[in-house]
Amino acid sequence: MNRDEATLRIRLLTDDINHHNYLYYVMAQPEITDYDFDMLLEELNRLEKDFPDLALPDSPTQRVGGQVTREFRSVVHTYPMLSLGNTYSESELSDFDGRIRKTIDEQFEYICELKFDGVSISLTYQDGLLVQAVTRGDGVQGDDVTANVRTIRSIPLKLRGSGYPSQFEVRGEIIMPRKGFDAFNEERIEIGEAPFANPRNATAGSLKMQDSAEVAKRPLDNFVYSLLGENLSLRSHLESLKALNSWGFKTSEHTRLCSSLDDVVAFINETGLIRSNLPYDIDGIVIKVNLVAQQQLLGFTAKSPRWAISYKFKAEQVVTKLLSIDYQVGRTGAVTPVANLRPVQLAGTVVKRASLHNADIIEKLDVRPGDQVFVEKGGEIIPKIIGVDYSKRDLFSEPVAFITNCPECDTRLERIEGEAVWYCPNEDNCPPQIKGKLEHFISRKAMNIDSLGEGKVEMLFDNGLVKNVADLYDLTYEMLFGLEKVIGGVEGKKGKKLSFKEKTAENILQGIERSKSVPFERVLYAIGIRYVGETVAKKLARHYKNMDSLSNAGLEELITVEEIGDKIAGSIVAYFSEPKHLEMIARLKEAGVMMEQPETANLSDKLSGRVFVVSGVFSRFSRDQIKLLIEVHGGKNAGSVSKNTDYLLAGEKMGPEKRKKAEQLSVAIITEEEFIGMIS
Ligand code: IVH
């Protein structure tokens, strides 16, 4: 393809992909399959690589990030980012309404909107292109987080439609929908990182990350709710929202024009009812005077507009009695205290249990069975005990003595120094740990044996057929067929008998057989090494290629692998130092489970045995592309510079620490061009 053809094709692909992004992320109405979308994106990626200077400013390839910001530039807001006055009751709302009526003696309307519980953002567009994204900061100046915000697919890089001002600002809220938040937190827990308390914290943390490629992986979304600029021709807030929507922004459908305070209150009440069903968190309602002329008449106080106010939902809270504390044992042996409560209605559901997290929290709250406790369901999904009504405490109550032995197998619990969690070390004989490990092994992201569910695994375990994951591969039709379990039996009454029929037994065996072709990286995740989640398993599998080399890796070597720190490395070494684990792995291997990465057709062996550390931003390739190139030419990637490193491949804006370390250890520092020379 020549330059002219490429120019045209790049424009076409850019527009096409942006359009499909819009349909998918803003309208939630995709028109093409993910596969077709990926094909378009891949073609654009290729062309931009061949003709880097032709890449357009609104190219969707920016959505995957890559730019690293060492320090966020501070930017003074053209229009200060004000806050809103808060109200908590109908009477306070009525005061607000009264103040407005004093200034405006004609008919007026309110617009009610959701108050999104996220992080506010100010977006600047110039000639239809996103040029800057700044956080609220102190309201006067905030941080330039443009590179990170560009990765959020529901924020247009280039506007659609027409009629937009040549320069303007849009204000909105960046949020992390609950479902994405849950999955994201789960992954963090798996790799031993502290989970975020709520989606707002996760959003704020994400926007402040230095590597935008990491931000691109986080499930961020947004809603916009205000338009600012000079000489705008829009007469009302509702018109602004409609215009914003037509230019490709995501606005909320939960918006209502109200002609009286009663209408406003109705909207508040209705929203209160659906609040827990929304896919994201809100903490109230924002009420705004609709007409711009009337807003101008009302003006601002030092901190907030007089024409708008928020109504905050109370964090729903109830008082109930703490009946007792249970202790649950997870698959890793972690023991979690759970409160049993006198059942109570809270935020639309009956709550019977609440999380108590760990021993430290129990001690800090000094919560005791029999206490009247405050239970809240705020931004978090699981209700939690937030306090104790000490005045109602029974005189004879005693502080909780955290259990010393496992509630399931009576083994003495252990605590790793500096950690709040107690573990049961009896991993081979403690039933919930064994069942938990089996359930993890067969789960979708692991070996994906969907013909076996939780219940069936339990049956196999209870009947003594499987004690560890390797036993699954020894199951036969004879062992399964006719296997029975009585469920729902109560005293004096027979329960229902469940037994495996022909088909069930066959399906189970088939599912187990199929799992033998699950790739090595998922096998590595499935065996359940503490702190080795999906992502870490992938990195390890790609680095070590097979189970043997991973099991022989020492601590020092492991920590040089990307994303592997002391904690994960320590856990891996400890895992492989246990003969019983090695034996189990040998049995899995014997059964035909994949223990190595498939042979990738390497392009060459030019970098064979060479260890690279790739750092900074590159002009021809993305960092991930460079790492892939290293691998397909036989080399290895490491995350940090050590004496084992052969080359530091230095891009722009590389961290000075890495360079210093490389110089100290006399590691060769090479440029992107030099690297390309090595492989071409
Ligand atoms: S309007 C002049 N509308 O609430 C104030 N704000 O306390 C303009 N927020 O910092 C804000 N949803 O982060 C507005 N529909 C909405 C909102 C909203 C959430 C946040 C925003 C702002 C804070 C004000």
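Structure's up top.
Novice: Outline the overall build of the protein, listing residues and values.
Specialist: Looking only at helices and strands, the protein features 24 helices and 24 strands. With the C-alpha coordinates of the protein rotated into their principal frame, the extents come out at 85 × 80 × 55 Å. The 680 residues of the protein split such that 46% are buried. Sequence-distant contacts in the protein: of pairs separated by 6 or more residues, those separated by 24 or more amount to 68%. The distance from the centre of the 85 positive side-chain charges to the centre of the 100 negative ones in the protein is 2 Å.

Novice: Explain the site of the ligand to me, using residue names and the numbers behind them.
Specialist: Contacts to the ligand come from L82, L84, E113, L114, K115, F116, S120, E173, Y225, V286, K288 and P305. The protein chains hide 86% of the 520 Å² of surface that the ligand would expose on its own. Secondary structure elements with two or more residues in the shell around the ligand: strand 3 (110-116) and strand 10 (282-289). Take the shell around the ligand: its biggest share by element is 4 residues, from strand 3. Here the shell around the ligand is composed, by residue class, of 7 nonpolar, 1 polar and 4 charged.

Novice: Outline a negative patch on the surface, listing residues and values.
Specialist: A grouping of D34, D36, D38 and E42 is seen on the molecular surface, where their side chains present a negatively charged patch. Mapped onto the elements of the fold, D36 is located in helix 2 (residues 34-50).

Novice: Quick rundown of the pattern of salt bridges? Include the residues and the values.
Specialist: Enumeration according to the criterion identifies 37 salt bridges in this entry. We note a salt bridge from K115 to D283, for which the minimum N-O separation is 3.9 Å. In this pair, K115 sits in strand 3 while D283 sits in strand 10, placing the two residues 168 residues apart along the sequence. Taken together, the shared-partner salt bridges connect E427, D428, K437, E578 and K580 into one network.

Novice: Report on the environment of I626, specifying residues and quantitative values.
Specialist: Among the secondary structure elements, I626 is positioned in helix 22 (residues 623-632). Expressed as a C-alpha distance, the spacing of I626 and G128, which sit 498 residues apart in the sequence, is 33 Å. Excluding its chain neighbours within four sequence positions, the residues that come into contact with I626 are V614, F618, F621, L649, E672 and F675.

Novice: Tell me about the environment of R275, residues and numbers included.
Specialist: Within the secondary structure, R275 is located in the loop between helix 9 (261-274) and strand 10. Separated by 159 residues in the primary sequence, R275 and I434 place their C-alpha atoms 39 Å from one another. Among all residues touching R275, those that are not within four sequence positions of it are R178, I282, D283, F313, K314 and E316.

Novice: Could you give an account of empty space enclosed by the protein, naming the residues involved and the relevant values?
Specialist: Applying the stated criterion across every chain yields a total of 1 cavity of 30 Å³ or more. The calculated volume of the largest cavity comes to roughly 40 Å³. E113, F116, V224, Y225, L241, T251, S252 and T255 are the residues that line the largest cavity. Looking at the lining of the largest cavity, its residues break down into 4 nonpolar, 3 polar and 1 charged.

Novice: Just give me the short version of helix 22, but keep the residues and values in it.
Specialist: If you check which residues of helix 22 are buried, you get R623, I626, K627, L629, I630 and V632. Residues of helix 22 that are buried make contact with strand 21 (611-615), strand 22 (636-638), strand 23 (647-650) and helix 24 (672-679). Just downstream of helix 22 lies G634, where phi reads positive at about 90 degrees.

Novice: Residue-level account of the sheet that holds strand 9 (residues 256-258), with values.
Specialist: Taken in spatial order, the 5 strands make up an open sheet running 2-11-10-3-9, and their pairing is mixed. Looking at which strands have only one partner, the edges of the open sheet turn out to be strand 2 (86-87) and strand 9. Both strand 10 and strand 11 (residues 308-312) contribute to a ladder of 5 bridges, which runs antiparallel. For I285, the partnering residue across the bridge sits in strand 11 and is Y311. Along the sheet, helix 8 (residues 237-246) contacts strand 3, strand 9 and strand 10; its crossing angle with strand 3, the most-contacted strand, is approximately 55 degrees. Packing of helix 9 onto the sheet brings it into contact with strand 3, strand 9, strand 10 and strand 11, and relative to strand 3 it is tilted by some 25 degrees.

Novice: Tell me about the packing of helix 22 against helix 24, residues and numbers included.
Specialist: Helix 24 packs onto helix 22 with a crossing angle of 30 degrees between their chain directions and a minimal axis gap of 11 Å. Classified by the angle their axes make, helix 22 and helix 24 are roughly parallel. Here the hand of the crossing between helix 22 and helix 24 comes out left-handed. Touching I626, L629 and I630 of helix 22 are E672, F675 and I679, all from helix 24. Considering only residue class, the contact of helix 22 with helix 24 consists of 5 nonpolar, no polar and 1 charged.

Novice: Outline the sheet that holds strand 23, supporting the account with residue identities and numerical values.
Specialist: Strand order in the open sheet formed by 4 strands is 22-21-23-24, with parallel pairing between adjacent strands. Each edge of the open sheet carries a strand with a single partner, namely strand 22 and strand 24 (668-670). The sheet shows a mean angle of 35 degrees between the axes of neighbouring strands, taken without regard to direction. Across the face of the sheet, helix 24 comes into contact with strand 21, strand 23 and strand 24 while running at roughly 100 degrees to strand 24.

Rules and cut-offs
Residues numbered from 1 in each chain as written. Predicted model: local features only at pLDDT ≥ 70, side-chain atom pairs only at ≥ 80, totals over all residues. Heavy atoms only, no water. Helix = DSSP H or I, 4+ residues; strand = E, 2+ residues; numbered from the N terminus. Buried < 20%, exposed > 50% of the residue type's maximum accessible area, 1.4 Å probe, protein only. Contact = heavy atoms within 4.5 Å. Lys, Arg positive; Asp, Glu negative; His and termini not counted. Charge placed at Lys NZ, Arg CZ, Asp CG, Glu CD. Near = heavy atom within 4 Å. Areas by Shrake-Rupley, 256 points an atom, 1.4 Å probe, with all protein chains shown as cover. Nonpolar A, V, L, I, M, F, W, Y, C, P; charged D, E, K, R; others polar. Patch = residues over 30% accessible without salt bridge, like charges linked within 9 Å, V, L, I, M, F, W, Y side chains within 5 Å. Salt bridge = Lys/Arg side-chain N within 4 Å of Asp/Glu carboxyl O. 1 Å grid on protein atoms, 1.4 Å probe; cavity = no way out; pocket = protein on both sides within 12 Å on 5 of 7 lines; lining within 4 Å. Points joined across faces, edges and corners; volume = space filled by probe spheres on them. Pairing = 2+ DSSP bridges. Axes fitted to C-alpha atoms, helices over the stretch in contact; angles between N-to-C directions. Parallel < 35°, antiparallel > 145°, perpendicular 65-115°, else oblique. Left-handed = near helix turned anticlockwise from the far one by under 90°.

Don't take any of this as a statement about function, it's just geometry.
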